[in-house]
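Tertiary structure, described
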Amino acid sequence: MEKNQICKDAIVSELQKKKVHLFYCLECEELARNIAAESDHITLQSINWRSFADGFPNLFINNAHEIRGQHVAFLASFSSPAVIFEQISVIYLLPRLFVASFTLVLPFFPTGSFERMEEEGDVATAFTMARIVSNIPISRGGPTSVVIYDIHALQERFYFADQVLPLFETGIPLLTKRLQQLPDTENIIVAFPDDGAWKRFHKLLDHYPTVVCTKVREGDKRIVRLKEGNPSGCHVVIVDDLVQSGGTLIECQKVLAAHGAAKVSAYVTHGVFPNSSWERFTHKNNGLEEAFAYFWITDSCPQTVKAIGNKAPFEVLSLAGSIADALQI
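Going by an unreviewed UniProt entry, the protein carries the name ribose-phosphate diphosphokinase and comes from Eruca vesicaria subsp. sativa. Among the UniProt annotations of the protein, the heading Sequence similarities (unreviewed entry) holds the following wording: "Belongs to the ribose-phosphate pyrophosphokinase family." Among the UniProt annotations of the protein, the heading Catalytic activity (unreviewed entry) holds the following wording: "D-ribose 5-phosphate + ATP = 5-phospho-alpha-D-ribose 1-diphosphate + AMP + H(+)".

Residues F52, F56 and F85 make up a contiguous nonpolar surface patch of about 350 Å² in total accessible area. Positionally, F85 belongs in helix α3 (residues 81-93).

The subject of this paragraph is the layout of surface pockets. Of the voids in this model, the largest pocket is the one considered here, and its volume is about 540 Å³. Lining the largest pocket are 19 residues, and of these H152, D194, K215, D240 and T248 sit closest to its centre. Going through the elements one at a time, α6 (195-201), β10 (210-218), β12 (235-243) and α7 (247-258) are the ones with two or more residues in the lining of the largest pocket. When residues of the lining of the largest pocket are assigned to their parent elements, the largest contribution, 4 residues, is made by β12. The residue inventory of the lining of the largest pocket, partitioned by class, reads 4 nonpolar, 8 polar and 7 charged.

Rules used throughout
- Residues numbered from 1 in each chain as written.
- Predicted model: local features only at pLDDT ≥ 70, side-chain atom pairs only at ≥ 80, totals over all residues.
- Heavy atoms only, no water.
- UniProt positions renumbered as here; feature names shortened; annotations may be inferred.
- Patch = residues over 30% accessible without salt bridge, like charges linked within 9 Å, V, L, I, M, F, W, Y side chains within 5 Å.
- Areas by Shrake-Rupley, 256 points an atom, 1.4 Å probe, with all protein chains shown as cover.
- Salt bridge = Lys/Arg side-chain N within 4 Å of Asp/Glu carboxyl O.
- Helix = DSSP H or I, 4+ residues; strand = E, 2+ residues; numbered from the N terminus.
- 1 Å grid on protein atoms, 1.4 Å probe; cavity = no way out; pocket = protein on both sides within 12 Å on 5 of 7 lines; lining within 4 Å.
- Points joined across faces, edges and corners; volume = space filled by probe spheres on them.
- Nonpolar A, V, L, I, M, F, W, Y, C, P; charged D, E, K, R; others polar.

Pasting the structure below:
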């Protein structure tokens, strides 16, 4: 009897799930297909991404009449200012097509590291981007839900106006699942490269021993030093939200190795890596290039994923399952 009830509950749960029509930008096509593969309740839709002769967008949303009264989502990638305008044009229109609800999935909030003024005249572009997103029109179902992973500064959640409902998710569960699969899972210590990373992630990783590094200024240089913890003899995994040039991670690795770490790996949710800076981490059988045993990133920056392929030490932990779950909220 109890088994039958469980089966009935499972059937009811499946029937209650929303059927979501997922549109996506061209950069995110692979991730969109992976999301759709996670659930029979997600259907991919398409957009004609064309341009006029002067370079401005010439866009067309296919099946616009068929999505009336349906739950609709858009998977975005604001990888450069050049692609933001065309996507915003689509994002502003979709809620107005008489859809039941609208969700914007923006895995990486790209201006997140420019969130404050340090001197008069600085432009906090994170606030500007939050304003743009906050002005998405409401749909028949109400305000737009905005799904963002591991936003750079915790206070940025307050930059969004009440016209949207931001949902802040994290890629850390993907990391913890992967760490549990490692042969030395019982010998892992988590390291934070600075106090900011510790504030963001320590509560999500409090079941691991931790090491905290810090940056100190010596003349014109910023030096990484060990602040607390003992990495000796352990597999140390450096955790942060994003990486650009990778300089801080490299300096952190040197410090951990000098203090006896058996091996060092790294995880960042957003592998930005401008100017192909990921290349300095690939295994090339000499010196520093072998410094990291593993380097985990998610697919929040699709251009990086396409560039690195399966080059060691990189592994991609896909957000597809997490995004599919978020679309059911």
